[in-house]
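Structural features, examined
One letter stands for each residue in the lines below.
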Amino acid sequence: MVVQEPAPSHRVATSDDLEISTYLEIAKEKEGQGSERGEEAARVSEGVVIVDFGSQYSHLIARRVRELEVYSEVASPDSTWDEVKSINPKGVILSGGPASVYDEGAPMVPGWVYEAGIPALGICYGMQALAHQLGGKVTPGLKREYGHAVLHQGIGASPLFEGMDGSMPVWMSHGDRIQSLPPGFEALAYTDNSPIAAMRGGEMYGIQFHPEVAHTPQGRSILENFLYRVCGCRGGWTPDSFVRSAIQRIRGQVGNGRVICALSGGVDSAVTATLLHKAVGSQLTCIFVNNGLLRREEAERVQRTFQRNMNMDLLYVDASQRFLGRLKGVTDPEEKRKVIGEEFIRVFEDAAEELSEAEYLAQGTLYPDVIESAGSGNMSAAKIKTHHNVGGLPKEMNLKLVEPLRFLFKDEIRGVGEVLGLPEEIVQRQPFPGPGLAIRVLGEVTEEKLEVLRACDWIVIDEIKAANLYRELWQTFAVLTDARSVGVMGDFRTYGNVVAIRAVSSDDAMTADWARLPYEALARISRRIVNEVPQVNRVVYDITSKPPGTIEWE
């Protein structure tokens, strides 16, 4: 096959780029400051690389592959083979994207995809990029094709569509189409608007539709065929296998060193602490910092759960005034996160001085945190917001990071927690942001505002649990807005705070939909807040999905 050179303006990777094939490199943002994993810490028996061309579905592809028990990681189009080889790739999936391959500077398929001799599956833009680089022709379509379409297979069998009907519904989202195939390729399927909707050349495949979305009913089977019939994957990447390998990696990284673990009480840090405890035992000391930004009674509950019930060495640090002092006058959300992230590290470093030879800091960073804070490594991907334990870390750190969950989605972490035997109330606990209530108080954070928000939050969770909705929702919480409104209470005019209620459903926090809560539950929440929290006289409900909004307001 002849591979066309990318457009001259295509960006060439440089040593200064934050470009990665695996997000593990993000842990080394500052030389010597990130996770000391090396390639060995990320090694798995087999994996599939997802090359991200900027699609909103790229990380959904990664999830779908993992659901089929094959490990996957997302890579930049600028990645190199040295950056991806540590996961022993058995195949490559090229994502969709917003660009057109004939545009100046359009991202192209990395050269190692062609040189490695492993199967590839191009999806939408990924298919077009394959065709363009291998000598085919991509042009604007006569009609754009968005939404449902019917795919008709051509004559002849293909392992990609094995076991499927000749026609099937698929989900399209493209404006360009392949006008002519590259040399050596054959067309496998078509739709009314795409005469070449699937193609094959040896072990390289392209499909114009999106198999990763639920709107393509047989999409899972197509991905499964690619993984097992084309790539020859063996599978078996499960929570059990992750626990075994994670314990080995932790031992390899830490050795005889002392570790302190940032414990918040949520499922992420709880699973992290339990993994560390199983891996290094008495070398671990958990530190729970009361930053003054916690929910009502949370400090007491965390201490009771981990110190008394799980027999972990737990050091409690009350740093609430220290954090509130640093946050004084800070109103910008990004600045809040950075201040909190840096102060966390400083508190841990101070606590570590009391512990003998502490060298490592373990924390429960997970995949969506990394993705949102740094993008996929693709220069076209925008950073959404900094997470306090990723982009919020200070430039200079005395402790080395241990982040065993850095490449897991939330539902995978829950599965690991179940394997580790953690109690249900921890495993199924709704996510709580690392910066705590600071990003649910809009504007400057003060003790008075925090107390108002704690009271509202308590009522929200209490009523959601009473309605048996807690397990059905991804997150439910209150936000203290910086707006005030006029009201009437007891024939008197009031001018009080406006509180927003947020409830969303999601699988992994990458996307989320606002929850259609029963009117009765919303009415009880509103009535209780305005009656029990005197500073509040108005309650509103947020019906924004993600995207375009984020789950948290800040």
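Note that this is a predicted model, so its numbers are computed, not measured. (Residues numbered from 1 in each chain as written. Predicted model: local features only at pLDDT ≥ 70, side-chain atom pairs only at ≥ 80, totals over all residues. Heavy atoms only, no water.)

1. Observations regarding helix α15 (residues 447–466)
The first and last C-alpha atoms of α15 sit 29 Å apart over 20 residues, in line with the 28 Å expected at 1.5 Å per residue. Among all positions in α15, only L450, V452, L453, R454, A455, C456, D457, I459, V460, I461, E463 and I464 are buried. Of the surrounding secondary structure, the elements contacted by the buried residues of α15 are α10 (320–327), β15 (475–489), β16 (492–505), α16 (519–532) and β18 (536–541). (Helix = DSSP H or I, 4+ residues; strand = E, 2+ residues; numbered from the N terminus. Expected span 1.5 Å × (residues − 1). Buried < 20%, exposed > 50% of the residue type's maximum accessible area, 1.4 Å probe, protein only. Contact = heavy atoms within 4.5 Å.)

2. Side note on the environment of R429
With respect to the helices, strands and loops of the structure, R429 is situated in the loop between α14 (424–427) and α15. Classification of R429 by relative accessible area gives buried; the value is 11%. It is 6.6 Å that separates the C-alpha atoms of R429 and G266, two residues lying 163 residues apart in sequence. Those residues in contact with R429 that sit more than four places away from it in its chain are G265, G266, R295, E298, R414, E424 and Y470.

3. Concerning the packing of helix α7 (residues 239–254) against helix α13 (residues 410–419)
Relative orientation of the contacting elements α7 and α13 amounts to 75°, with a least axis distance of 9 Å. As the angle between them shows, α7 and α13 are arranged roughly perpendicular. Counted together, P239, D240, F242 and V243 of α7 and G415, V416 and V419 of α13 form the full contact between these two elements. Residue classes in the contact of α7 with α13 are distributed as 5 nonpolar, 1 polar and 1 charged. (Axes fitted to C-alpha atoms, helices over the stretch in contact; angles between N-to-C directions. Parallel < 35°, antiparallel > 145°, perpendicular 65-115°, else oblique. Nonpolar A, V, L, I, M, F, W, Y, C, P; charged D, E, K, R; others polar.)

4. A look at the pairing of strand β2 (residues 71–75)
Strand residues, when the strand is regular, have side chains that alternate between the two faces of the sheet. Judged by how many residues are buried, β2 sits mostly within the fold: 5 of 5 residues are covered. Two elements, strand β1 (residues 47–51) and β2, share 5 bridges in a ladder whose sense is parallel. Bridged to G47 within β2 is Y71. With helix α2 (residues 58–67) bridging β1 and its parallel neighbour β2, the resulting β-α-β unit is right-handed. (Pairing = 2+ DSSP bridges. Right-handed = clockwise from strand over helix to strand, strands pointing away.)

5. Structural notes on helix α6 (residues 219–230)
In a regular helix each residue adds 1.5 Å, so 12 residues correspond to 16 Å; α6 covers 15 Å between its end C-alpha atoms and thus fits that length. Burial in α6 covers these residues: G219, I222, L223, N225, F226, L227 and V230. In this fold, the buried residues of α6 make contact with β1, α2, β3 (89–94), β4 (120–123), β6 (167–180) and β9 (204–207).

6. Some details on the packing of aromatic side chains
Using the criterion set out here, one finds 7 aromatic pairs in the structure. When the centroid spacing of 6.3 Å and the interplanar angle of 75° are considered together, the rings of W514 and Y541 count as edge-to-face. Highlighted residues: W514 in strand β17 (residues 513–514) and Y541 in strand β18, separated in sequence by 27 residues. Counting every residue linked through ring pairs, the aromatic cluster contains Y71, W237 and F242. Looking at R414, its charged tip hangs above the ring of W474, at a distance of 5.8 Å from the centre. Above the ring of Y470, the side-chain terminus of K465 is found at 5.0 Å from the ring centroid. (Phe/Tyr/Trp six-rings, centres within 6.5 Å; stacked < 30°, edge-to-face > 60°. Lys NZ or Arg CZ within 6 Å of the ring centre and 35° of its normal.)

7. So, the confidence of the model for the chain
Mean pLDDT over the chain: 84, with 86% of residues reaching 70 or higher. Counting interchain partners and residues more than four positions distant, the pLDDT-below-50 stretch residues 1–42 has 105 contacts. A low-confidence stretch, residues 374–393 (pLDDT under 50), is modelled with 75 contacts involving residues beyond four sequence positions or located in other chains. (pLDDT = per-residue confidence, 0-100.)

8. A look at the nonpolar core
Counting residues in each nonpolar core, the largest one holds 109 residues, and the members touching the most others are I93, L121, F161, I207, V271 and L275. Residues V317, F323, L327 and A351 belong to the second largest nonpolar core, which totals 52 residues. (Core = buried A, V, L, I, M, F, W, Y, C linked by side-chain atoms within 4.5 Å.)

9. With respect to the side chain of S72
For S72, the position within the fold is in strand β2. The exposure class of S72 is buried, given its relative accessible area of 0%. Only 2.9 Å separates the side chain of S72 from the backbone oxygen of A62, close enough to count as a polar contact. In this view, S72 contacts V48, I50, A62, V65 and R66; residues no more than four positions away in its chain are not counted. (Polar contact = N/O pair within 3.5 Å; in protein donor to acceptor, adjacent residues only side chain to side chain.)

10. Describing the sheet that holds strand β11 (residues 284–290)
The sheet built from 5 strands is open, its strands ordered β12-β11-β10-β13-β14 with parallel pairing. The open sheet terminates on both sides in strands that have one partner only, identified here as β12 (314–318) and β14 (400–402). Each strand of the sheet is rotated relative to its neighbour by a mean of 30°, with strand direction disregarded. Across 3 bridges, the pairing between strand β13 (residues 358–362) and β14 is parallel. Note that in β14 the partner of L361 across the bridge is L401. In this fold α7 packs onto β10 (258–262), β13 and β14, with an angle of close to 170° to the strand it touches most, β14.

11. With respect to the pattern of salt bridges
Overall, the coordinates contain 24 salt bridges when judged by the stated rule. Two residues, E424 and R471, come together in a salt bridge whose shortest N-O distance is 2.4 Å. Remark: R471 occurs in the loop between α15 and β15 and E424 occurs in helix α14; sequence separation between them is 47 residues. Each of D462, E463, R524, R528 and E532 takes part in a single network of salt bridges with overlapping partners. (Salt bridge = Lys/Arg side-chain N within 4 Å of Asp/Glu carboxyl O.)

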